[in-house]
Amino acid sequence: MTQSTDRPQPRGIQHLGMTVPDLDAATRFLKEGLGAQVSYDGLSADDDPRQGEEVERQLGLPPGAAIRRQRFVVIGEGPGLEMFEISGEQREAAGLADFGLNHIALYCDDLEGCRDRLVAAGGEALSEIHGNSRYEDTPGNGSVYVRAPWGMLIELQTIPGGHYYPEDSEAEVWMPSPQD
């Protein structure tokens, strides 16, 4: 089967997401074991948790789950890791509330076109395209989660204005180079 080149395609893997029981312990392990560097905390212990029906709908979380902390780390070059510490129900199936890898994110220049292509292939968009989290919320940004037929979460994301970083950032997040 040949791949169609007349429809939008993602440009690459931007990050992988995983849920951990203790964000600080996981960060220490990744820094010590793999040389990870912290880019930023998208949600710190000082912030209100991300929770409620709208967050549950947008991100496919079970009822009552709350994202308590969120941290972005980079290991070497290329895609980063976004880690979540979530309270509430934990499930075996790969989703944002579960331990381990739970989604992949693909950078798209044409976010709507990539979403439509993935849905046409059998995916289910969990919501409309919505804004990104702190440090990714530059002009033109957007994101949407799509559930694959086997249940895995795929995030399609665009950040044409790039990221901004806190003063204590240790690394910049990988982004694809501009297209000609």
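Residues numbered from 1 in each chain as written. Predicted model: local features only at pLDDT ≥ 70, side-chain atom pairs only at ≥ 80, totals over all residues. Heavy atoms only, no water.

**Student:** Got a minute to help me understand the side chain of His103 in this structure?
**Tutor:** Here His103 is to be found in strand S6 (residues 100-107). Side chain to side chain, His103 and Asn102 meet in a polar contact 2.8 Å long. (Helix = DSSP H or I, 4+ residues; strand = E, 2+ residues; numbered from the N terminus. Polar contact = N/O pair within 3.5 Å; in protein donor to acceptor, adjacent residues only side chain to side chain.)

**Student:** How should I be thinking about the pattern of salt bridges in this particular structure?
**Tutor:** Pairs can form between side chains of opposite charge whenever their charged atoms are close. Counted by the stated rule, this structure contains 10 salt bridges. Here Asp24 ties to Arg69 by a salt bridge, and the two come within 3.0 Å at their closest N and O atoms. Here Asp24 is found in helix H1 (residues 23-34), whereas its partner Arg69 is found in strand S4 (residues 66-74), with 45 residues between them in sequence. The salt bridge involving Asp41 is made with Arg71; its shortest N-O contact spans 2.5 Å. Separated by 30 residues along the polypeptide, Asp41 in strand S2 (residues 37-43) and Arg71 in strand S4 bring together distant segments of the chain. Asp41 gets classed as partly exposed once you look at its relative accessible area, which sits at 22%. (Salt bridge = Lys/Arg side-chain N within 4 Å of Asp/Glu carboxyl O. Buried < 20%, exposed > 50% of the residue type's maximum accessible area, 1.4 Å probe, protein only.)

**Student:** Sorry, what's going on with the environment of Trp150 here?
**Tutor:** By the secondary structure assignment, Trp150 is in the loop between strand S8 (142-147) and strand S9 (153-158). A relative accessible area of 62% places Trp150 in the exposed class. Linking Trp150 and Gly122, residues 28 residues apart in sequence, is a C-alpha distance of 9.9 Å.

**Student:** Would you take a moment to explain the state of the cysteines for this structure?
**Tutor:** Each disulfide is one covalent bond, formed between the sulfur atoms of two cysteines. Under the definition given, this model contains zero disulfides. Cysteine Cys114 is unpaired, with the sulfur of Cys108 as its nearest cysteine sulfur at 3.3 Å. Taking the relative accessible area as the measure of exposure, Cys114 reaches 4% and is therefore buried. (Disulfide = S-S within 2.5 Å.)

**Student:** What is the right way to look at the nonpolar core in this model?
**Tutor:** Here is a general trend for soluble globular proteins: nonpolar side chains tend to be buried in one another's company. Counting 13 residues, the largest nonpolar core has Leu59, Leu61, Ile67, Ile86, Leu96 and Tyr145 as its most contacted members. Listing elements by their share of this core, those giving two or more residues are helix H2 (53-59) and strand S5 (80-87). Setting aside its immediate chain neighbours within four residues, Ile86 contacts Thr19, Leu61, Ala65, Ala66, Ile67, Arg68, Leu96 and Ala97. (Core = buried A, V, L, I, M, F, W, Y, C linked by side-chain atoms within 4.5 Å. Contact = heavy atoms within 4.5 Å.)

**Student:** Where do I start with H1 in this structure?
**Tutor:** Residues separated by three or four positions in an α-helix point in the same direction, a consequence of the helix having 3.6 residues per turn. With 12 residues, H1 should reach 16 Å at 1.5 Å per residue; the first-to-last C-alpha distance of 16 Å fits that figure. Among all positions in H1, only Leu23, Ala26, Thr27 and Leu30 are buried. The buried residues of H1 occupy an angular sector of 100 degrees when the element is viewed end-on, so they sit on one face. Facing away from the buried side of H1 by more than 90 degrees, the exposed set consists of Phe29, Glu32 and Gly33. Each element contacted by the buried residues of H1 is listed here: strand S1 (12-19), S2, S4 and S5. Two to three positions downstream of the cap, the backbone nitrogen of Asp24 sits 3.0 Å from a side-chain oxygen, assigning the N-cap of H1 to Asp22. (Expected span 1.5 Å × (residues − 1). Arc of directions from axis to C-beta.)

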